[in-house]
Structure formats: C-alpha cells, structure tokens
Amino acid sequence: LTADCNAILKALQPIFQEQGMTETVHNWEDHGYLATYIKKNGSFANLRIHPHGLVLVDLQSYNDYTKGRDEVDKLLNKVEDRMKELFHGTIKRVKRLPALLRGGAIDRYWPTADGRLVEYDIDEVVYDEDSPFQNIKILHSKQFGNILILSGDVNLAESDLAYTQAIMGSGKEDYSGKEVLILGGGDGGILYEIVKLKPKMVTMPPSNIDQMVIDGCRKYMRKTCGDVLDNLKGECYQVLIEDCIPVLKRYAKEGRMFDYVINDLTAVPISTSPEEDSTWEFLRLILDLSMKVLKQDGKYFTQGNCINLTDALTLYEEQLSRLYCPVEFSKETVCVPSYMELY
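Keep in mind it's a predicted model, so treat the numbers as computed, not measured.

Participant: I'd like a description of the domain arrangement of the chain, backed by residues and values.
Facilitator: According to the domain assignment, the chain consists of domain 1 (5-87) and domain 2 (160-342). Spacing between the C-alpha centres of domain 1 and domain 2 amounts to 52 Å.

Participant: Describe helix 5 (residues 211-220), with residues and values.
Facilitator: Among the residues of helix 5, Val213, Ile214, Gly216 and Cys217 are the ones counted as buried. Each buried residue of helix 5 sits inside an arc of 165° when the element is viewed along its axis, so together they form one side. Packed against the buried residues of helix 5 are strand 7 (122-130), strand 8 (135-141), strand 9 (145-150), helix 6 (222-225) and strand 14 (237-239).

Participant: Explain the UniProt feature "active site" (unreviewed entry) in the chain to me, and be specific about the residues and the numbers.
Facilitator: Within this structure's numbering, the places UniProt gives as "active site" (unreviewed entry) are Asp264. Among the secondary structure elements, Asp264 is positioned in strand 15 (residues 258-264). Excluding residues within four positions of it along the chain, Asp264 makes contact with Tyr163, Ile167, Leu183, Gly184, Gly185, Asp187, Ile190 and Gln303. Among the polar contacts listed, one links the side chain of Asp264 to the side chain of Tyr163, at a separation of 2.4 Å.

Participant: So, the side chain of Thr203: which residues are in play, and what are the values?
Facilitator: Take Thr203: it is sitting in strand 12 (residues 201-204). The exposure class assigned to Thr203 is buried, which follows from its relative accessible area of 0%. In this structure the side chain of Thr203 is engaged in a polar contact, spanning 3.2 Å, whose partner is the side chain of Arg256. Those residues in contact with Thr203 that sit more than four places away from it in its chain are Val180, Leu181, Ile182, Gln238, Leu240, Tyr251, Arg256 and Phe258.

Participant: So, the nonpolar core: which residues are in play, and what are the values?
Facilitator: Grouped together as the largest cluster of nonpolar side chains are 48 residues, with contacts concentrated most on Leu191, Ile194 and Ile262. Ignoring sequence-local partners within four residues, the contact set of Ile262 consists of Ile167, Met168, Tyr175, Val180, Leu181, Ile182, Leu183, Ile190, Ile194 and Phe301. Ranked by size, the runner-up nonpolar core spans 23 residues in total, among them Leu183, Leu287, Val293 and Tyr316.

Participant: With reference to specific residues and values, describe the state of the cysteines.
Facilitator: Here, disulfide denotes a covalent bond that connects the sulfur atoms of two cysteines. Here the structure, examined in full by the defined rule, presents zero disulfides. Take Cys217: it sits in no disulfide, and the sulfur closest to it among the cysteines is that of Cys225, at 6.5 Å. A residue is classified by how much of its surface remains accessible, and Cys217, at 0% relative accessible area, is buried. Cys325 takes part in no disulfide bond, and the closest cysteine sulfur, belonging to Cys244, lies 18 Å away.

Participant: Give me the lowdown on unusual backbone geometry, citing residues and values where you can.
Facilitator: Notably, Ser170 is not glycine yet its phi reads approximately 55°, a positive angle. Non-glycine residue Met340 carries a positive phi angle of around 55°. Mapped onto the elements of the fold, Met340 is located in the loop between strand 17 (335-336) and strand 18 (341-342). We classify Met340 as partly exposed; its relative accessible area is 33%.

Rules used in this analysis
- Residues numbered from 1 in each chain as written.
- Predicted model: local features only at pLDDT ≥ 70, side-chain atom pairs only at ≥ 80, totals over all residues.
- Heavy atoms only, no water.
- Domains from an automatic or database assignment.
- Buried < 20%, exposed > 50% of the residue type's maximum accessible area, 1.4 Å probe, protein only.
- Helix = DSSP H or I, 4+ residues; strand = E, 2+ residues; numbered from the N terminus.
- Arc of directions from axis to C-beta.
- Contact = heavy atoms within 4.5 Å.
- UniProt positions renumbered as here; feature names shortened; annotations may be inferred.
- Polar contact = N/O pair within 3.5 Å; in protein donor to acceptor, adjacent residues only side chain to side chain.
- Core = buried A, V, L, I, M, F, W, Y, C linked by side-chain atoms within 4.5 Å.
- Disulfide = S-S within 2.5 Å.

Here it is in structure tokens:
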C-alpha cells in the first residue's frame, strides 16, 4: 500500500512540537520523509516515514534511565494513539523495542554465534584485562553467575555444566585409568570434571599459551574449575603453558598416544604458529595433529557451533572426510544456558 507521507508527518508534528523540540524535515521524491526533533537537554527523535507505509520512530534520551524511559514511553504512547486515530484501525502492526543502554559502566550486550544481539542481566564487571593475546572479561550475571568472555566471545558461565558434560561425552565415557589430552580449556571446567573420574593422566595446554585466562578463572570462576588451577601439576594432571600446535607435533613425533583428545580451544584461534592462515586451516591442522596422537580406538570431542549456522556445521563435517585417516563421527545438540541458543 502507498502511504500519504505528508499526512502522517502533519499529524505527528504537533506531538514533538509540544515537547519544545526543534524540527528539521528532509523529503525525497519516492522515498518519503525524515524529520529530526531535538530538545534543549540533548534528547532527540528521528521520524522516518516510508512511502510503502513503514513509520519508524527512534528516540535517544540523555536523562537518567528511569526518567528517560518515562519520557520516551509517554511520547511513544502519543505517537501510537495519533496514528490509530489517523488510520482508523487499519494499522497492521505496532512494535515497540526496549531501550538500549549505551555508554554505561557495564556492557550488557553480547552477540550470539549467529549474530543476534542478546541483553544479559549483567550487574558487575568482575575482571577485565588485556593479555598479549586477547581481552579477558569475567562478568557477573544474576542468572548465570560469572561469565568468561574472550575478545567479545561468550565462552563459559558458572551455569554451563551442560557444555562441559557434552564435550566430555555426556556421561557415556569411562575415563578411569585413561590418558586424556585437553586442548584449550583454560577455564578449568573440563579438567575439574575429568579429574573426579580418576584418569591415569590429563595433559592440558590451555587457551593456547594465555596464562592470564588461568589466573582470572582460578580466582573468579571457582564454581567451574574448583581447585585444579591452583597448581599446574596434580596427582593425575599437568597444565602446560604452551602453544598446543608444537605440543601436538612433539607428541606425534614421540609416538605418545591418548585415549581421548578434547578440543576446547577458543572460537577465534590464538596461535604463534605460521600455519594459521585462517580459522579453517587452523581447524584442519588441529584435527590432523589430533588424529596422529589418538589411539586407534580413541575418541575426539569438540564443540561444534550454534544450530542456526548450518553452513558452518556442514563445512566442519566436510573437513572430517579430508583427514589422512578414515573416521566415524556423531553429534548431539545441547542447550548451554548462558549461550541462549542451542549448540
């Protein structure tokens, strides 16, 4: 349907003018109107009217949150009421989005793996440091506890035991007396859970060389890692502050073999190795090297991706057919609480 842009503008103008807002109007033939309204206190509104009938109102307030929210709600109520009067109930849909809080001391907005923006109930910045390799944040959520975020990627929260259980085989594996290699896992969650199962030895080069991840998690993610990060060596485990690629190459050369290899590396690879030309090259390299240190009847566990990224998941499965040795694989879908998406 074609909207009467001029009629809509004239109907809504008085609402903004009553607020003492200064008006500027732009119009384009066949492209509708853009009107901006500015208050003396710095608040402003953009009114965009499209010829096909879409009317957008964006408001920004510089008041404190409660006062600004009330001001915005009152103005939007007037806009909606006036539009309903103007079109006599023929409006198909009205959608009001909640306010984004910008510039605050606490950043509550983090993207999902498939690019949707999620607002978390974060109320405290627990830890925020830049290592030589990445930014490390631990933020507190009322629902999920402390959340580890590496370079903007939500890694793991204290609520996310489901993730750890899934990447260990969902309780179907017997780790007692077994040799286990964990790639990544700097939050200590996998190590903590496996040590309980009495393995022969767990070796972990964590988060590709970043000691600061371990330091932060040891202090602020203890519900996840327990006490296993207090010492780099225990009765049945050792933590190596080394790049996992040279470690894998060394073990392959030495002929060292593992019953389980668990890949819990970060989504964006951090490596000092020149082979890392791209994420996919890195993944292929890790897969090939892992197969070389995995026993004939061994198992390799890794995270996949969010269920909506079907292309990426398909590409990963294609990599499995390109390995130097034939492999069988299975997969399962898990709900990880803090991810707010199926993985």
